[in-house]
Structures are given as C-alpha cells and as structure tokens.
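# Summary of the model geometry
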Amino acid sequence: MTPAYVFDVWAPPHAPWSLWAKPVLFAHVERFSPELHDAQAFAPVDLPTIPPADGTTALVLDLPGRTGVACAIAAAQKGYRPVPLYNAVPAPAGFDPSAVPLGAAVICDLTPIVAGLSVATSTLDRLNLPHQAPPAFLLDADRRVGTRATQLPGDFDNRSVSLPTDFPSANLLLSRGVQRVILVQSLSLEPQPDLAHTLLRWQQASIQILALSLFAFASPPIPIVVKRPPRFRLLWQRLAATAGLRRNPLGGFGGTVPIPSSSGG
Amino acid sequence: MTLRPGSTAHLTPEAPQWQLACGPPLNLPAFHDIRRRMVLEFCKWDPQVQDVSTLAPFPLLLPEPQWRQLARDAESLAAETLLIERRLMERPDLHVHIGLPRRLRQLFRGAQPPQYTPAIARVMRFDFHPTPDGWRISEVNSDVPGGFTESSAFTRLIAQHFPGAYVPGDPAHSWATAIHSHHEPGLPVALLSAPGFMEDHQVIAFLARTLAAAGHRALVCTAHHLRFTHGRAHLDAAWYKGPLAAVVRFHQAEWLSRLPRSVQWQPLFTHGITRVCNPGAATLTESKRLPLLWDQLDVFVPAWRRLLPETRHPRDTPWRTSDEWLIKQSYCNTGDSVAHAGLSTPRKWLAARLDVMLHPRQWIAQRRFQITPLQTPLGPMFPCIGVYTVDGRAAGIYARISSRQIIAYDAIDAAVLIQPQRAPHDLTSKETP
C-alpha cells in the first residue's frame, strides 16, 4: 500500500473537502508498519445518534488515537467524508526506531493513528463515497498534551494545536449548505480551547454547534454554546500559544520539558 | 517560443518580453499529481490555509534579462548587508535603535566581532516587487528565510511542464552544497525549529531530506536538545547524543531569546565554535530599522539605497494621516505586522497605532509603492519575488502572490520560470546565470 494510494483514498482529488486534509501523517505511512497493529482494533464503532449525511451537517471528531480512525469509518458508513486534520510530525528526521522505540522518544505517539489510517484505507475505499459527501473533520484529542504521562528531557516535542485556518471558513461551509456541526469527543461536551476558536467563529456565523460524548453514545447530540476562549481573534494567538514563548491559554502546549541543571555539555 | 511535444501547457506567446507575466494553468490531473508529490515527497504540509489553496497551478514567467538583473541586485544587496552586519557587530551601542530584543542586546554587548559564532551556508532572501518605476524591495529575510520547498521542488515540478523555460536555480541544493563544503565530515548536522509550527517543521524536514540525499546525517531537534561544551554543539536527544558538525537554526532569534535561561541558545549567537546557519549575527540585519542607521554606520550601500523605499522613524512622517506611508515592526516576519489605514482592518490599524505610541523604537514608517498587479487565472494578484543568496551568490526564487498588496501568511506560492531569449532548444537545461 503506497502513501499515494492511502492519501488518494482519504483525500480523493475530486472531492471538494479533500483540500483541507493535512498530509503530514500520510507522508510517513511507509515508516510505520501496520502489521504491528491489530486490524480489529480499527473496526468501526457505533454512532447510532449521528444523523445520516444529508449535506446540512458536518462532523468534527476530536478523539484520541485509533478511536478517531474507528469513528471516522463509522461516520463514512453514514455518508460523511473523513477529512484528517492530524497536523503533527510523528517522528523527528534522522530518528532510528531500531535503536529507540518511537513511543519512548516523542511526546505524542502518533503511531496508532498512522497505522489506523493505513489499515482502514481499504475499508474506506470500498465505501465509494460520493465526492460531494459532507465532511467529518478528524482531530487527535491528545494533540496539545501528548500521549505520555511523563515527559522527559530529550523527548521530541511534537504536540500541536488546531487553528481556525486549518478549517474552511464559516462562509464557505454555509455556501456549501452546511448549517450545523456536531462535535464528537470521548467524554466532555465542551470543546478543547484551541478548537473553540474555530467553533465560535462558526457559531457567530449562525452555524449551529452540537456536541456528543462517546461515553454516552446512545444520547442524541446536544446543542451547545461555545464560550469565548482566551485571546479570541487576537492576531498573536498562535504566537502566544506555541513555540514555548510563554505559558499559554491553550493548556500546556508550548511549555518546555524541564531540563536538569546538570545536563549541560 | 516553441514547446516540446507532449507538454501539457503552453507559454503565452504574446506576453511582453520585458516584464513579469503569468503563464497558463496546468491541466487538473497534472496539477493534482504535482500537489500530491509535494505533500508526500517534498514536505509541503500546509497546502491549504482556510479557504486558500497555497500552491498556484500556473507559473510566473520572468524574462531572462530581468532575472539577470535581479540576481545581480540580490548579490549586491547581500554583500552590502554583510557589511552592515559587520559594522553593527562593532557598534553594540546602536543595537537599541534597531529594535533588537533586550536579551539579545545584552548578549551582543559582551562580544567582540571575532567572538560572534561563525556561519555556515549564509542564506538571505530579498523580496522584490514589480512597480511602475521598476523593481523595489520591501525587506531582506536575513535571519531564517523559508520557502525552500516551494522554490526548489515545486518550481522544478512545474518546470517539467514548460520545457521552453528554465528554473532560476535550486536554493535547497545550493544550500546543501554550501553546508557540505564547510562542515566536519562524520558528524551529523542538527536542524533546529520551534515546536508546534508546522510551516517551520516542513522546511527543516525538507532540508533534512536534502542533506540526507547528499550523504549527510541530518537530525531534527528543538533548542531544548542543544548542549554546548566550550562552544562546541552537542545534541542531547532520545535519538542521538553526541557532537554536531553544524547547526541549522530555523528558529527566529527573537523567539529563542525568550526561552527559559536553562536553554542553551546563546552559543548560536556568540562564543560558539560549531558553525551555524544562519548565525545569530543575522538577527542584526533582519531589523527593518537598518536604513535609519546607514549614515551612522558610515556604510556604502548603493543597492539598498536604490531599491528600498524611503524608510523613516514613525515620528518623522505623517503616517497616521497620509496614504503614502505604511508602518511595520522592526522584526516583522510574515508581513502580518505591516499596517496601513487603507489596507488593514480597523481593529488591526488601531492596535498598530497604539503599539507605535507605546514602542516607537519597534516600528518604522516606509513610503508605500504601488505594486504592479499580474493578471492571473485567479484574478489580479500582487507578486513578491524573493531572490535567495547562498554565501553571497544568487540561488533561486521563492515567489508568492496575493490578492492584497501585503504579502502575508495566506499568500499563494508560485513557481517562477525564466523565459530565455535565445532559441529554446539551446536553453531548456540552462543553469542559474
């Protein structure tokens, strides 16, 4: 399975939402062996209360690891076009996985997602979704905090934040008939602070925002009011949020892994 | 101009030979193929910014005499910029006037010119704009110029469909060659960027691949992984621990200076022995306030004086009321801090005015120039032609186009191809002039 095939299935050239698919993980699929992962782990989950795609509803699946890929396939079976917005580098260039396990070297282990995208490709391909299928945007819920309980000096900091510019604008969504967005998360109904910047812009443009927790997956999506996140619409939001310039309002991203004072040299 | 049989697009025969023009768009399958190769093979990981596709499906065509002129001008500007840089190393008392952050001023104050960390593969990019009065520059990207992926791989892929034209160089290849000629064999090169910025990660990932293709071991890292012993750089990362041959710094100096004191970023600027691309001294000439000091530095900079619009301290111009002036921050990296009453949103204009009032030494006022728009398949667009120099030699072009007169983060990358004047069959494999 070549990266080009995997990418073309998840971002078909003629599907209008494919332009937004983030390509970085697809550029790394060859470095990760899907055989290491149990294909059954990526079997679709059930999303009974998500309405079938009718063109007026879009999804945002903000879920961790392989759960996100599994839900993407479930959404595709309901007629939504998964649009991966995973936007982090899985491993540093020059990294040799035979010397150090990747999971022990990076703050955010994206291996399950990369492998999941690869394993689920044939399933998605068989669904033969129409090009005009409405989008189901996929985000990694662990993007800001990482997947490891502890972070060590020397780790590769590949955390990321979601930005409004990663998504279509509200005007474009509305012009294509999208009137509501359902946010699907594991537990909480409240969006993560970085995603709230996008959802609030959509809400202000009269797109209805609903939320669904996988924990209560049998319940219908509930309308929510997205609160104004810190630094909303500030030009320097991303500068403040990234690069470790300062402790940021997005919850830890950009913070630095402490370096012991004895480690010089 | 004739075309090679089987080419998928045609140069515009009626395009005037003396000015920048837009070529025809590629057909959709050909462009999809290029886009896919860019994202999967050449680390172009931000091909879409909100509703804007950031890769243009058509080239910009630059007549060969124009390219020769731009290349000469860029080389003159690079030499003059290094002269300014050397003078500024000798005059730390002037650093406050260029808007240099305090921690960098403190660092440079304690260093004589020989103690500045040495350079390897010094790269600059000069942003040219066509105007009714000829080419003008808006700035030099002296600290951490980006755009290598687009100016090298993207331009090469587009050029394959226009065999009557040629590429103006391959900046990434020139850069890798310069690294190769200076660096210590056997040791890896570390490429440093700030975490979280995909647009920066993609640049160093591409440069790392370019170095690896040239036979070097290239390692990506953040500033937190660097250690220095007697000025020699080491990497202390989970994937490599040991000495380094060189450090490629794709982390803006003013951001580095704000990192916690436990991070050893200072030897990238002064008292370092391991060569750095670009070294910290490049921060001095990144400032947009340099023109205010030309006279005090007693430097002969004819190319800068000819090509840069009049630049003044904000207090010396009627920028608040006059349409002829815009303001920009002294360390303005993406064009996002350029402000003008007629071009900026009211909110941004107000914020800029307040900031000029509070921090006048962080801003300059520059006389506006009218950029000649290009007619493109996307409508009229304003071009910015960024000419790289590597170790003082012109090395290629990174072009962006925007529907606004200010080139910002959401501009569209375009390949620039050179239209030769001689018979095309002689010139399809022509190298950089």
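Residues numbered from 1 in each chain as written. Chains lettered and ligands numbered in written order. Predicted model: local features only at pLDDT ≥ 70, side-chain atom pairs only at ≥ 80, totals over all residues.

Residues and elements named next belong to chain B. Read from one edge to the other, the open sheet built from three strands follows the order β1-β4-β21, with strand pairing classed as mixed. One side of each edge strand has no neighbouring strand; the edge strands of this open sheet are β1 (21-22) and β21 (416-419). One ladder, built from four bridges, connects strand β4 (residues 60-63) with β21; its direction is parallel. Looking at β21, one finds that Leu60 is bridged to Val416. Of the strands in this sheet, β4 and β21 are in contact with helix α2 (residues 64-90), which crosses β4 at around 80 degrees. (Pairing = 2+ DSSP bridges. Helix = DSSP H or I, 4+ residues; strand = E, 2+ residues; numbered from the N terminus. Contact = placed C-beta atoms within 7 Å. Axes fitted to C-alpha atoms, helices over the stretch in contact; angles between N-to-C directions.)

Below, the discussion takes up the sheet that holds strand β12 (residues 246-250) of chain B. Residue and element names in this part refer to chain B. Ordered by their spatial adjacency, four strands build an open sheet running β8-β7-β12-β13, and the pairing between neighbours is parallel. Pairing within the sheet leaves two strands with one partner each, and these edge strands are β8 (218-221) and β13 (275-277). Each neighbouring strand pair of the sheet contributes to a mean axis angle of 25 degrees, computed without reference to strand direction. In the sheet, strand β7 (residues 189-193) pairs with β8 via four bridges, with the strands oriented parallel. Paired with Leu191 across the strands is Val220, a residue of β8. Packed on one face of the sheet, helix α6 (residues 198-213) meets β7, β8 and β12 and runs near 170 degrees to β7.

All names here are of chain B. Of note, Pro380 is situated in strand β18 (residues 379-390). A sequence separation of 23 residues divides Pro380 from Ser403, and the C-alpha atoms of the two residues are 6.7 Å apart. Ignoring anything within four residues of it in the chain, the contact list for Pro380 reads Pro373, Leu374 and Gln375.

Residue and element names in this part refer to chain A. Among the six residues of strand β4 (residues 180-185), five are classified as buried, and the element is accordingly described as predominantly covered. Pairing geometry for strand β1 (residues 57-63) and β4, over six bridges, is parallel. Its bridge partner being in β4, Ala58 is matched across the sheet by Val181. With respect to chirality, the unit in which β4 leads through helix α6 (residues 193-204) into the neighbouring parallel strand β5 (residues 208-213) is right-handed. (Buried ≥ 20, exposed ≤ 12 C-beta atoms within 10 Å, placed from the backbone. Right-handed = clockwise from strand over helix to strand, strands pointing away.)

A few words on the interface of chain B and chain A. By a widely used convention, the size of an interface equals the accessible area lost when the partners come together. In this complex, chain B contributes 44 residues to the contact, which on the side of chain A involves 47 residues. Elements represented by at least two residues in the side of chain B that touches chain A include exactly α1 (28-41), β2 (48-49), α6, β8, β9 (226-229) and β10 (232-237) of chain B. Looking at the side of chain B that touches chain A, its residues break down into 23 nonpolar, 13 polar and eight charged. (Nonpolar A, V, L, I, M, F, W, Y, C, P; charged D, E, K, R; others polar.)

With that settled, consider the confidence of the model for chain A. When pLDDT is averaged along chain A, the result is 83; 82% of the residues meet or exceed 70. For the stretch residues 235-265 of chain A, pLDDT sits under 50, and the model shows 78 contacts to residues farther than four places along the chain or on other chains. (pLDDT = per-residue confidence, 0-100.)

This part is about the environment of Asn158 of chain A. Residue and element names in this part refer to chain A. Of note, Asn158 is situated in the loop between β3 (135-140) and α5 (170-175). As a C-alpha pair, Asn158 and Arg201 span 43 residues in sequence and 27 Å in three-dimensional space. The residues contacting Asn158, other than those within four sequence positions of it, are Ala88, Val89, Pro90, Val106, Ile107 and Cys108.

Taking 1.5 Å as the rise per residue, α1 of chain B with 14 residues should run 20 Å; its terminal C-alpha atoms sit 19 Å apart, in good agreement. Two residues or fewer past α1 of chain B, Cys43 of chain B is found with a positive phi of approximately 60 degrees. (Expected span 1.5 Å × (residues − 1).)

The next subject is α2 of chain B. Relative to the 39 Å expected for 27 residues at 1.5 Å per residue, α2 of chain B spans 40 Å between its end C-alpha atoms, a close match to the ideal helical length. If you check which residues of α2 of chain B are buried, you get Gln66, Trp67, Leu70, Ala71, Ala74, Leu77, Ala78, Glu80, Thr81, Ile84, Glu85 and Leu88 of chain B.

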